[in-house]
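Working through the structure, step by step
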Amino acid sequence: QVQLVEAGGGLVQAGGSLRLSCAFSGRTFSQVAMGWIRQAPGKEREFVAAISWSGDSLSYADSAKGRFTISRDNTQNTMYLQMNSLKPEDTAVYYCNANLRSEGVYWGQGTQVTVSS
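This write-up is about the structure you can find in this document. Note that the coordinates shown come from a computational prediction; the quantities given were computed from them, not determined experimentally. Along each chain, the written sequence defines residue order, and numbers are assigned to residues from 1. Since the coordinates come from a predicted model, pLDDT governs what is reported: local features require at least 70, and pairs of side-chain atoms require 80 or more to be given and counted, while whole-chain, interface and lining totals use all residues. Side-chain measures here rest on the full set of heavy atoms in the structure, leaving out hydrogens and waters.

Grouping buried Ala, Val, Leu, Ile, Met, Phe, Trp, Tyr and Cys residues that are joined through side-chain atoms within 4.5 Å yields what is termed a nonpolar core. Buried residues are those whose accessible area, probed at 1.4 Å on protein chains only, stays under 20% of the maximum for their type, while exposed residues exceed 50% and partly exposed ones sit between those limits. Ranked by internal contacts, the top residues of the largest apolar core, which has 29 residues, are Phe24, Met34, Trp36, Met79, Leu81, Met83 and Tyr94. Two residues qualify as a contact provided that any one of their heavy atoms is within 4.5 Å of a heavy atom in the partner residue. Not counting residues up to four positions away in its chain, the partners in contact with Met79 are Leu20, Ser21, Cys22, Phe29, Met34, Gly35, Trp36, Ile51, Ile70, Ser71, Arg72 and Cys96.

Here it is, written out as structure tokens:
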């Protein structure tokens, strides 16, 4: 059974930092592309960042470039999102996902990030 468990969310002041983690289990993590999506209140889900199975290929939303860093540790079956220079508009529930190709995409339960001004 595939499971993704996010952690690391919380309340932070504008300009602060948070590091989110996503623990993966149930398949071979090193073969799975992963990503982060967020959803703010009253808005649709928004792509944040993605990372290939090897970690060699990264992509970011324009809103995340220069402030967020996605990474993974295939020895720990965990993906990370380092978020710096946080802004109130980054307030959202952050979800990690795993693209298992023919099996589809799996999602975590989400972790709340709140940035106060």
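Moving on, we get to the state of the cysteines. Note on terminology: disulfide denotes any pair of cysteine sulfur atoms within 2.5 Å. The full count for this structure, using the stated rule, is 1 disulfide. Between Cys22 and Cys96 runs a disulfide, and the two sulfur atoms are separated by 2.1 Å. Of note, the bridge from Cys22 to Cys96 carries an S-S torsion of about 60° and is right-handed in sense. Here Cys22, found in strand 3 (residues 18-25), pairs with Cys96, found in strand 9 (residues 92-99); they are 74 residues apart in sequence, far enough to count as distant. By the burial criterion, Cys22 is buried, and Cys96 matches it. Labels follow the DSSP assignment, with helices taken as runs of H or I lasting at least four residues and strands as runs of E lasting at least two, numbered in each case from the N terminus.

The next point concerns the packing of aromatic side chains. Between the rings of Phe, Tyr and Trp (Trp by its six-membered ring), a pair exists once the centres lie within 6.5 Å; its type follows the angle of the planes, with under 30 degrees stacked, over 60 edge-to-face, and the other angles tilted. Taken as a whole and judged by the stated rule, the model has 1 aromatic pair. For the pair Phe24 and Phe29, a centre-to-centre distance of 5.4 Å together with 45° between the ring planes defines the contact as tilted. Phe24 sits in the buried class, given a relative accessible area of 4%. Positioned above the aromatic ring of Tyr80 is the side chain of Arg19, whose terminal nitrogen or guanidinium carbon lies 3.9 Å from the ring centre. Placement of a charge over a ring requires the Lys NZ or Arg CZ to be within 6 Å of the ring centre, with the centre-to-atom vector within 35 degrees of the ring normal.

Strand order in the open sheet formed by 4 strands is 1-3-8-7, and the pairing between neighbours is antiparallel. Lying at the two open borders of the sheet, with one neighbouring strand each, are strand 1 (3-7) and strand 7 (68-73). Along the sheet, successive strands turn relative to each other by an average axial angle of 15°, direction set aside. In this analysis, strands are considered paired if DSSP registers two or more bridges between them. What counts as an axis is a line fitted to C-alpha atoms, over the stretch in contact for a helix, and the angles between N-to-C directions run from 0 to 180 degrees.

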